Each structure stands twice: as C-alpha cells, then as structure tokens.
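Understanding the architecture of this molecule
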Amino acid sequence: MSIVTKNTVVSISYKLTNDAGENIDSGDLDYLHGHHNIIPGLENELTGLTIGDSKVIRVSPADGYGEYDESLVQLVPREAFPPGQKVEVGMHFQSRTEDGIMSFVVLETREDGIVLDGNHPLAGQHLNFAVAIKHIREASAEEISHGHVHQQHH
Ligand SMILES: [Zn+2]
C-alpha cells in the first residue's frame, strides 16, 4: 500500500507555521487516515499522496481548530477553583463538562473572578503545514476497529 487512502497508517513529518511565519509546532506523527485522527483540512489534502511526497497545505480555521468563539470566554467565580489552587494568567486548566473534557486558559484574574478562554489556542488562525510523507502501511483490523494507530504497546 503506497498511496494515502482510508485505513492506511501514514507516517508524516510536519512543520506548522502561522500567517506571521512563526513556528508553532513541528515533529513526526503516525496516524490512521480517514478516521479524523487529524484535523480535516489536513487529512483531506493528504489523500492520494505517496511516500516521498511533500506538500504545503493551508488550512482555514473552519477546517482546523474552529473559528474563535467569543461565547467561550467567560467569567467564573474564584471559588470554581479548588482552595489554595494558584491561578495566574496563561495557566491551563481542564474541567469535565457535559460535552467531555474542556480545556481553558486563564486570560485575566480580577476582583470579581477569573476570566477563562475555552477556545483552542489555534482557533481562528490559518494554519500553514509543510508535510512530507515518510511511510505508508495498511492498518490492522484491530487498528481500524479502534480508530487509531497501535504503536509497539497499547
Ligand atoms: Zn486501540
């Protein structure tokens, strides 16, 4: 199997920059293609590539981490945090909600409470990926049923 298609395990190396040209992330990744393991704007553009191919892919917020949603910025009482918990601007917290685990970053600490931002850090940004396809293999039946790649241990 040498073409990126559904139910292949694809090994990529990638470099992610924002529109200002700043490096956001880079590294190597194995993922199961066609199972939404990676953002749709990236996954769709990798379909049909082969080993050794490189591609520069620009992903809009809608196909990436979503548009920035002002309604996810909220003021919560200081008491929403455990007693003694240090809360400072830029700190990340997770909380269990009806929608699953939500991540928040502290935007502001005020007299009347803490301002939290529940947007993904990359929400609202265009993402510029430079991707190289390193390896492609067929996924095992177990990987396909689980919807993710199995490394050496699982
Ligand atoms: Zn599994």
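As a reminder, the structure under discussion sits directly above these lines.
Residues numbered from 1 in each chain as written. Predicted model: local features only at pLDDT ≥ 70, side-chain atom pairs only at ≥ 80, totals over all residues. Heavy atoms only, no water.

For the coordinates displayed, the defined rule picks out 1 aromatic pair. Taking the centre distance of 4.9 Å and the plane angle of 65° together, the rings of phenylalanine 81 and phenylalanine 93 count as edge-to-face. Taken as a pair, phenylalanine 81 in the loop between β4 (73-76) and β5 (92-97) and phenylalanine 93 in strand β5 lie far apart in primary sequence, 12 residues in all. By relative accessible area, which is 16% here, phenylalanine 93 ends up buried. (Phe/Tyr/Trp six-rings, centres within 6.5 Å; stacked < 30°, edge-to-face > 60°. Helix = DSSP H or I, 4+ residues; strand = E, 2+ residues; numbered from the N terminus. Buried < 20%, exposed > 50% of the residue type's maximum accessible area, 1.4 Å probe, protein only.)

A separate point is the sheet that holds strand β6 (residues 100-110). Taken in spatial order, the 4 strands line up as β4-β7-β6-β5 in an open sheet, and their pairing is antiparallel. Here the strands that pair on one side only, and so sit at the sheet edges, are β4 and β5. Taking the axes of each pair of neighbouring strands and ignoring which way they run, one obtains an average angle of 40° across the sheet. Note that β4 and strand β7 (residues 113-117) share 4 bridges and pair antiparallel. Bridging from a neighbouring strand, leucine 75 pairs with valine 115 of β7. (Pairing = 2+ DSSP bridges. Axes fitted to C-alpha atoms, helices over the stretch in contact; angles between N-to-C directions.)

On to the sheet that holds strand β3 (residues 54-59). Spatially, 4 strands are ordered β2-β1-β8-β3 in an open sheet, and the strand pairing comes out antiparallel. Bordering the open sheet on either side are β2 (23-32) and β3, each of which pairs with just one other strand. Neighbour-to-neighbour, the strand axes of the sheet open up by a mean angle of 25°, direction not taken into account. Alignment of strand β1 (residues 8-17) against β2, held across 9 bridges, turns out to be antiparallel. Opposite leucine 16, over in β2, you have aspartate 25 as the bridge partner.

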